[in-house]
Each structure stands twice: as structure tokens, then as C-alpha cells.
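This is what each chain is made of:
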Amino acid sequence: MNSLDDIWQSVLDKLGGDLTPTAMNTWFSDCRPVELGDRVLVLQTSTDFKRSIIRQRFEPTIRAALSDLFSCDFDVTILVGDEVEDYKNSHVSDDTLPEALAYTFDRFIVGQSNKFAHAAAIAVSQRPGKVYNPLFIYGNSGLGKTHLLLAIGQAIRESDPAVKIGYVKGDEFTNQLVKSIRESSQEEFRQRYRNVDLFLVDDIQFIAGKDATQEEFFHTFNTIYEAGHQIVITSDRPPMEMSLLEDRLRTRFEGGLMADIQPPDLETRVAITRNKAQGLGLLLSDEVIDYIAEKITANIRQIEGVIHKLTAYRELANEPITIASVDRAIDDVTRTGIYIPTPDVIITETGRYFGIDEEDIRGQRRSKNTALARQIAMYLIRTLTNLSLVDIGEQFEHRNHSTVLSSIRKVEDLLKTDGDISSTVRDITSNIHSSHDR
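Computed from a predicted structure; not experimentally measured. (Residues numbered from 1 in each chain as written. Predicted model: local features only at pLDDT ≥ 70, side-chain atom pairs only at ≥ 80, totals over all residues. Heavy atoms only, no water.)

### As for helix α2 (residues 21–28)
Piece 1. Taken residue by residue, α2 has Ala23, Met24, Trp27 and Phe28 as its buried positions. End-on view of α2: buried residues confined to an arc of 100°, all on one side of the axis. Looking at α2, the residues exposed on the side facing more than 90 degrees away from the buried face are Pro21, Thr22 and Asn25. (Buried < 20%, exposed > 50% of the residue type's maximum accessible area, 1.4 Å probe, protein only. Helix = DSSP H or I, 4+ residues; strand = E, 2+ residues; numbered from the N terminus. Arc of directions from axis to C-beta.)

In C-alpha cells form, the structure reads like this:
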């Protein structure tokens, strides 16, 4: 049972066992489900007369069918005509989980790079609030963090449609907080999230450095956690690497289970490519699938983008899928999508900007200008690539990960206070992306 329509069809099947086809058509042909809320099924029908008959004759059967499905009692609300719009305007659903039916566990391709995070997500969905609370999933963009987050929500909602789910992105949490302050509706904002059974937060890194947001989130987190309800958080990096994150939040995030997702290996990329193509009805040869998987190494979204491009080539231009068309699709996606530069490109462009030899940036020279260039290069490699702190250190004569982390944090602090450094980082980043087009 995957949707509200499925639930309503089950109710209709129950009613159909007691009524003639004529009666079913008379009373329920234009009756449709509007919402399944906190143990309330909201329906819409066309006239007051039909509403009256459904209430008098059939509501007990509808409630009994819902009780059979979910093992709990439900109320039934029946609306007519324009009442639906008024209802939606006056009843903000507690369930803020976005519609994302493609993001389920059975559509998530599991490999060595993500199997631990996947197993943790499955465990949380089966026993919310009982194990791994909070669950903190981290990894670079486009690797499947949001997929797992939404899959947890959908699995829990499927097992208990009455569950209250709060879903929010880190930056949107800030926007909603600011709006609530402006409109003097802080209490309404707090109740929207603090009363949920499942709290899903995507891209938490965006609240770091925002004092008011972190204060509000701290109390929201504590309220939900102390009630024994489940919290799941995603981020592009672990808490220890968020230099502007308050310590009290960092310790709470690290107090649960930390699960990272790494870029997929070749075998997993092949499986992802084949799965995405089949989902769009696109038949690709093994040669083409292997070629895509070998070319795109760090980002699942880019694989999806290439598949969509190839589908468009076939359907709109009636082109056969060849290695040449794959190259064109990859070029289109990487130019308009996410370009992931190599560490060599980043170090080269940083050196060009500062007028410093690449060898000096990688090496041990400690002049003020060279040290700053090295720190910025480390920061840019961390933010623009999928390399770990250890891997970044290898680019700079085997510096250890703590030295790399210290350099990254220093640049982050400078970006907050020094406009010249901000301009420098923007200019180098622009040069890095421009080098892709040279």
C-alpha cells in the first residue's frame, strides 16, 4: 500500500462486498480521498445530499475498513465542493514529507560505498526511536543521502499512516524561523516540528554559523529526542568538520550513529546506470553502460542526467545510442551540471592566482603568502571534490588529516570576517570552473 489512493481503494473494496454495483456507482463514483491525517480520513463528494447519505449509511463501514487496515480507530470528515480549499487553507498537515515515490529502499542500489548507511537506514525504519537515534548520514552531493532520508520516511509512513513526520532542509529551517519571527508566529513554527514522531533534516550543514537558527534547532532536537522519537540528519560532511557548528549540537549529532556514503565503486556505478536506464525504458548495451560508469565516477546525479539526455536524443532526434552520443551527453551534463575538478587543477589555479609555483604550494615553504595559498587550496579541494581529509593530505607531501582540517577551518573563519579572502576564494573558484572550458 503505497498511496492514499491505494488506501481508499481498499476501503471501496470493503464497501463493494456489501453493496450492489449500482449503489457503489450512485454514492461513490465521484467521492475521492483528500488527505489521511492524524487518524482522520478526509473525503470529498459532490453534494450535501450525498454527504448526508454517506455519513448515515456508510461511515461505520468506512471506519471499520480503516481500523482493519491500521489496527487503530479513524474518524471520517466529508467535504463538499469549495470546502476542500477552505479545509486545506485552515489545516496545515503535520506531515511535511515531500512526495518522492521514487525514493524507496527497493530503488536504492547498494554497494560497498553505501551498504553501512543503507543497513542503518533500514534498521531505523523498522524500529524508529529505538535504535541509532539520531542517525547522521554524511557524504558529498549526489551520492544518495536524500534518497535514504526519504526512504526512511516513506517506509515508516507506510507501516503507520498516522505517524507525524517533519521534513525540512537546513536552509529552509532558517527561512521558516525568520518568517515566524517577522510574523510573530514562533510558537506555531515550534509546534510544527517539536510534536513530530519522525524528524528528517536534509543538509544540516547550512545552519552552521547561524546563531539564532542553531539555538532554535538545539531546543527542537532536544524536545524530539527526549520524547523518544526518531531523528535522521544528512550533511555533506561529519560534525567534526563543521567549524562553525556549536559544540552542544556537535556532541548531540555524534551521540547517535554516524554513517558515511562514499563515491560508488565501478561495480555499483554499473548497477546504478543499468537501473536508471531501465526505469526510463532505455535499453543500453553493456558497452555503453560500462562506458558511462567508467566516465562518471563521483556523482549519481550526473549518471541520471546522462541517462535523461540519451533518452531525449532517442525520443526527440531519433538518434541511436552510441559511444559518441554518450560522450556528447556527458559533456552536456558536466558543463551545465556539476563539474568536479581534480586536485591538480585546483592547486594549479590557486598557484596561478597567487603567482606561486605549484611545487611550493604542495611543499614545505612557510612564507605567509605560500601558507595562505596552501590553506585555500586545501579548502577548495575539500569543498569542490570528493576527497577525504587523508586523501587531501596526500596532495601536500603527506600532511596528516588534522593539519588539513586545521587549514580548512582557518579559511572558513577568514571567509566569515575577511572580505578580501572571500573575493580571493570566489575568483579562484571561478578560474577553476573556467579552466574546464579552455
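Let us keep going from here.
### Focus on the environment of isoleucine 152
Piece 1. Its place among the elements puts isoleucine 152 in helix α6 (residues 145–159).
Piece 2. As a C-alpha pair, isoleucine 152 and leucine 200 span 48 residues in sequence and 8.9 Å in three-dimensional space.

### Some points on the sheet that holds strand β3 (residues 75–80)
Piece 1. One open sheet holds the 3 strands; their spatial order is β1-β2-β3, and the pairing between them is mixed. The open sheet is flanked by β1 (32–36) and β3, the only strands paired with a single partner. Across the sheet, the mean angle separating the axes of adjacent strands is 25° when strand polarity is ignored.
Piece 2. Pairing of strand β2 (residues 40–45) with β3, which is carried by 6 bridges, proceeds in the parallel orientation. Looking across to β3, one finds that leucine 43 is bridged to isoleucine 78.
Piece 3. In the packing of helix α1 (residues 4–16) onto the sheet, the strands contacted are β1 and β2, and the crossing angle to β1 comes to about 120°. (Pairing = 2+ DSSP bridges. Axes fitted to C-alpha atoms, helices over the stretch in contact; angles between N-to-C directions. Contact = heavy atoms within 4.5 Å.)

### Quick notes on the sheet that holds strand β6 (residues 198–202)
Piece 1. Strand order in the open sheet formed by 5 strands is β5-β6-β7-β4-β8, and the pairing between neighbours is parallel. Each edge of the sheet is formed by a strand with only one pairing partner; in this case those strands are β5 (165–169) and β8 (257–260). Across the sheet, the mean angle separating the axes of adjacent strands is 15° when strand polarity is ignored.
Piece 2. One ladder, built from 4 bridges, connects strand β4 (residues 135–138) with strand β7 (residues 230–235); its direction is parallel. Across the sheet, residue isoleucine 137 finds its bridge partner in β7, namely threonine 234.

### Considerations on the packing of aromatic side chains
Piece 1. By the definition in use, this model includes 15 aromatic pairs.
Piece 2. Both rings, one in phenylalanine 136 and one in phenylalanine 253, keep their centres 5.6 Å apart while their planes meet at 35°; by these two values the pair is tilted. In this pair, phenylalanine 136 is assigned in strand β4 and phenylalanine 253 in helix α10 (residues 247–254), connecting sequence segments 117 residues apart.
Piece 3. The interplanar angle of 15° and the centroid separation of 6.0 Å between the aromatic rings of phenylalanine 221 and tyrosine 225 together place this pair among those described as stacked. Linking phenylalanine 221 with tyrosine 225, this pair stays in helix α9 (residues 211–226), spanning 4 residues, or about one helical turn.
Piece 4. Members of the aromatic cluster, joined through ring pairs, are Phe136, Tyr138, Phe173, Phe189, Tyr193, Phe199, Phe217, Phe221, Tyr225 and Phe253. (Phe/Tyr/Trp six-rings, centres within 6.5 Å; stacked < 30°, edge-to-face > 60°.)

### What to know about the pairing of β6
Piece 1. Here β6 lies mainly inside the structure; 5 of its 5 residues are buried.
Piece 2. Burial along β6 is two-sided: Leu198, Leu200 and Asp202 facing one way and Phe199 and Val201 facing the other are all buried.
Piece 3. Across 4 bridges, the pairing between β6 and β7 is parallel. Following the sheet pairing, leucine 198 is matched in β7 by glutamine 230.
Piece 4. Assessed by its sense of winding, the connection that carries the chain from β6 through α9 to β7 is right-handed. (Right-handed = clockwise from strand over helix to strand, strands pointing away.)

### Things to note about the pattern of salt bridges
Piece 1. Applying the stated criterion across every chain yields a total of 19 salt bridges.
Piece 2. In this structure, arginine 63 engages aspartate 75 in a salt bridge whose closest nitrogen and oxygen atoms are separated by 3.6 Å. Of this pair, arginine 63 sits in helix α3 (residues 48–70) while aspartate 75 sits in strand β3, and the two are 12 residues apart along the sequence.
Piece 3. Two residues, glutamate 215 and arginine 248, come together in a salt bridge whose shortest N-O distance is 2.4 Å. Note that glutamate 215 is positioned in helix α9 and arginine 248 in helix α10, a separation of 33 residues in sequence.
Piece 4. Among the residues examined, glutamate 215 registers a relative accessible area of 34% and is labelled partly exposed.
Piece 5. Sharing partners across several salt bridges, the network here consists of Asp48, Arg51 and Glu83. (Salt bridge = Lys/Arg side-chain N within 4 Å of Asp/Glu carboxyl O.)

### What to know about the packing of helix α17 (residues 368–384) against helix α19 (residues 401–417)
Geometry of a packed helix pair, given as the angle between the helix axes and the separation of the axes.
Piece 1. Two elements in contact, α17 and α19, have axes whose closest approach is 8 Å; the angle formed by their N-to-C orientations is 95°. Regarding the angle of α17 to α19, the classification is roughly perpendicular. Contacts between α17 and α19 involve Leu372, Gln375, Ile376, Met378, Tyr379 and Arg382 from the first element and Val404, Ser407, Ile408, Lys410, Val411, Glu412, Leu414 and Leu415 from the second.
Piece 2. For the contact of α17 with α19, the per-class residue count stands at 9 nonpolar, 2 polar and 3 charged. (Parallel < 35°, antiparallel > 145°, perpendicular 65-115°, else oblique. Nonpolar A, V, L, I, M, F, W, Y, C, P; charged D, E, K, R; others polar.)

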